[in-house]
Amino acid sequence: MHTKFRARTARPLIILGIFVLFAAGQAAAQAGAQVTPQNPPARVTLDGAIDLALKHNHSLQAARTTILQNQAEEITANLRPNPVGLVDEQYMPFFSPQAFTSDYIDQSAVYDLGFSYLIERGQKRQRRLEAAKDQTAVTSAEVGDNERTLTFNVASLFIAALLAQSNVELADTDLKSFQQTVEIGEEQTKAGSMSERDLLKIKLQLLQFQTDVSAAKLARVQAMASLRQLLGYESVPENYEVVGDLEYKPVSLGKDDLKALALRQRPDVRAAQLGVTSAEGQFKLAKANGKKDLGVTFTYNHLGGVNAGSLFFNIQLPIFDRNQGEIARTQYAIAQSQELSSEQASIALTDVENSYEALRTNDEVVRLYQSGYLKDSQDSRDISQYAYQRGAASLLDFLDAERSYRATQLAYRQALASYMVSLEQLRQAVGTRSLP
């Protein structure tokens, strides 16, 4: 009886187990089907970042609406005056209702129906339209200058992100290398060939490497966040990456040619020049407004059973007000615009001068590092590390060589970034990214 009972109870348990395993397998299969591979992070190049900023930056988009606003003002400036409709009824017997007869209305009441129109003299409408178009041209140039500034800011932050990424990679590499040194030091301490004091010094130095990694990662996060803001927060995902290297590309540029190019290409210089044209247009409009307009009115009259017409003309007599004040003001505004245009040209030439010298100086610094200092610092570190691990050099010598190597590498990367930023500054000063 005992054997039968065990056989009967084991069979449903086996079936139940198979069912549970089958259900679990189906659930796992469904869960696996729902899992999608994680999308790779978006990769943004320097040119791609500039394109994204020019398309999606909110401040720039807001500035571009001012062009549309000025174009709408052109429509307003080109509008003609509206005609005025005139209707009147006179001598209606409202207080004597019994007099409301067809004869009275035809013979005694007076009806007038007419239209009045203001004829603008002095080409006011043409001058208003010309002045509005001049202002639109100035605004377009100013928006172009906003694009120039935004392009430089994006390039600067992009280079800062590249520098931060390079520093993270350097810090990680140095940390891994120094961790091997710590491991070797621990083995030497166990073997009695290194004192506990020297091992503690090495471990304390490891803390500096770990701190450098954390600081570099923080700088990268901050640079990427600031760059994302300029690109348009919604235009790139949160986990995007910058693609590029800190690189040195020597350029040979003529300073005088760059200055001439800046005077032709920079949108702020062009905006100042267009400001002179706009001021001259405002002067012409002020003179046109000094001309008095002619009012013309024609009316149809019904009086005493007779249908007639009347024609009226009116014009102000320019005895006192001839718009003298506005004409004088716009004359001074022309002189002001001319001075501002000359000043803006001077600013452009100064910007080219400063950025050109900065580029030349940073070029010299990068060449100094590449002339042998980079290799010397690395050789010194490698030799000291090799000698220290074999007891031929002191711990102090090794740590000093390690610090010198890291400082040289960081300074070289900073020099490369400074050179690239100075090149972007020169492009901004000239007003074009295509330098000769």
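Residues numbered from 1 in each chain as written. Predicted model: local features only at pLDDT ≥ 70, side-chain atom pairs only at ≥ 80, totals over all residues. Heavy atoms only, no water.

1. What to know about the overall build of the protein
In terms of regular secondary structure, the protein is built from 10 helices and six strands. The 436 residues of the protein split such that 35% are buried. Restricting the contact set of the protein to residue pairs at least 6 apart, pairs at least 24 apart contribute 80%. (Helix = DSSP H or I, 4+ residues; strand = E, 2+ residues; numbered from the N terminus. Buried < 20%, exposed > 50% of the residue type's maximum accessible area, 1.4 Å probe, protein only. Contact = heavy atoms within 4.5 Å.)

2. What to know about the environment of Gln425
Within the element layout of this structure, Gln425 appears in helix α10 (residues 395-430). In this structure, the C-alpha to C-alpha distance between Gln425 and Thr149, residues 276 residues apart in sequence, is 9.9 Å. For Gln425, the contacting residues outside a window of four places in its chain are Phe152 and Ser355.

3. Section: the packing of aromatic side chains
Under the criterion given, the structure shown has three aromatic pairs. Relative to Tyr412, the ring of Tyr369 has its centre 5.9 Å away and its plane inclined at 55°; by these criteria the two rings are tilted. With a gap of 43 residues between them, Tyr369 in helix α9 (residues 324-389) and Tyr412 in helix α10 connect regions that are remote in the sequence. Directly above the ring of Tyr233 sits Arg228, whose terminal nitrogen or CZ lies 3.8 Å from the centroid. (Phe/Tyr/Trp six-rings, centres within 6.5 Å; stacked < 30°, edge-to-face > 60°. Lys NZ or Arg CZ within 6 Å of the ring centre and 35° of its normal.)

4. Side note on the packing of helix α7 (residues 255-265) against helix α8 (residues 267-289)
Look at α7 against α8: their axes get within 6 Å of each other, and the N-to-C directions meet at 55°. Judged by the inter-axis angle, α7 sits oblique to α8. Across from Ala262, Leu263, Arg264 and Gln265 in α7, the residues of α8 making contact are Pro267, Val269, Arg270 and Gln273. Of the residues belonging to the contact of α7 with α8, the class tally is four nonpolar, two polar and two charged. (Axes fitted to C-alpha atoms, helices over the stretch in contact; angles between N-to-C directions. Parallel < 35°, antiparallel > 145°, perpendicular 65-115°, else oblique. Nonpolar A, V, L, I, M, F, W, Y, C, P; charged D, E, K, R; others polar.)

5. Examining the side chain of Thr139
Tracing the sequence through the fold places Thr139 in helix α5 (residues 124-191). A distance of 2.4 Å separates the side chain of Thr139 from the side chain of Asn70, its partner in a polar contact. (Polar contact = N/O pair within 3.5 Å; in protein donor to acceptor, adjacent residues only side chain to side chain.)

6. Some points on the pairing of strand β3 (residues 110-119)
Relative to β3, strand β2 (residues 84-90) runs antiparallel, the two being bridged by seven bridges. Bridged to Leu86 within β3 is Gly114. Pairing between β3 and strand β5 (residues 294-303): 10 bridges, direction antiparallel. Along β5, the bridge assignment pairs Phe115 with Phe298. (Pairing = 2+ DSSP bridges.)

7. Quick word on the pattern of salt bridges
Taken as a whole and assessed by the stated rule, the structure comprises 21 salt bridges. Here Glu364 ties to Arg360 by a salt bridge, and the two come within 3.3 Å at their closest N and O atoms. In this pair, Glu364 and Arg360 are both assigned in helix α9, four residues apart and thus about one turn of the helix distant. By relative accessible area, Glu364 is classed as partly exposed at 41%. Classification of Arg360 as partly exposed rests on a relative accessible area of 41%. Between Lys375 and Asp379 there is a salt bridge, and its shortest N-O distance comes to 2.8 Å. With Lys375 and Asp379 both in helix α9 and four residues apart, this pair spans about one turn of that helix. Several salt bridges share partner residues, and in doing so they unite Lys255, Lys259, Glu353, Glu357, Arg360 and Glu364 into one network. (Salt bridge = Lys/Arg side-chain N within 4 Å of Asp/Glu carboxyl O.)

8. Section: the sheet that holds strand β6 (residues 306-315)
The strand order across the open sheet formed by four strands is β2-β3-β5-β6, and the pairing between neighbours is antiparallel. With one partner strand each, in any of the chains shown, β2 and β6 form the two edges of the open sheet. Across this sheet, the average inter-strand angle for adjacent strands is 15°, counted without regard to direction.

9. A word on a nonpolar patch on the surface
Taken together, Ile315, Leu317, Ile319 and Phe320 make up a surface patch of nonpolar side chains, about 490 Å² in accessible area. You can see Ile319 is positioned in the loop between β6 and α9. (Patch = residues over 30% accessible without salt bridge, like charges linked within 9 Å, V, L, I, M, F, W, Y side chains within 5 Å. Areas by Shrake-Rupley, 256 points an atom, 1.4 Å probe, with all protein chains shown as cover.)

10. Regarding the confidence of the model for the protein
Chain-level statistics for the protein give a pLDDT mean of 86 and a share of 89% at 70 or above. In the model, residues 1-25 has pLDDT below 50 throughout and makes zero contacts with residues more than four positions away in sequence or in other chains. (pLDDT = per-residue confidence, 0-100.)

11. Quick look at helix α6 (residues 196-231)
Look at α6: 53 Å from first C-alpha to last across 36 residues, which is about the 52 Å you get at 1.5 Å a residue. Downstream of α6 by one or two residues, Gly232 has phi in the positive range, about 105°. (Expected span 1.5 Å × (residues − 1).)

12. What about the environment of Asp268?
Here Asp268 shows up in helix α8. What makes Asp268 buried here is its relative accessible area of 9%. Along the backbone, Asp268 and Val138 are 130 residues apart, and their C-alpha atoms lie at a distance of 9.3 Å. Each residue touching Asp268, except ones within four places of it in the same chain, is listed here: Asp145, Arg148 and Gln344. Separated by 2.6 Å, the side chains of Asp268 and Arg266 make a polar contact.

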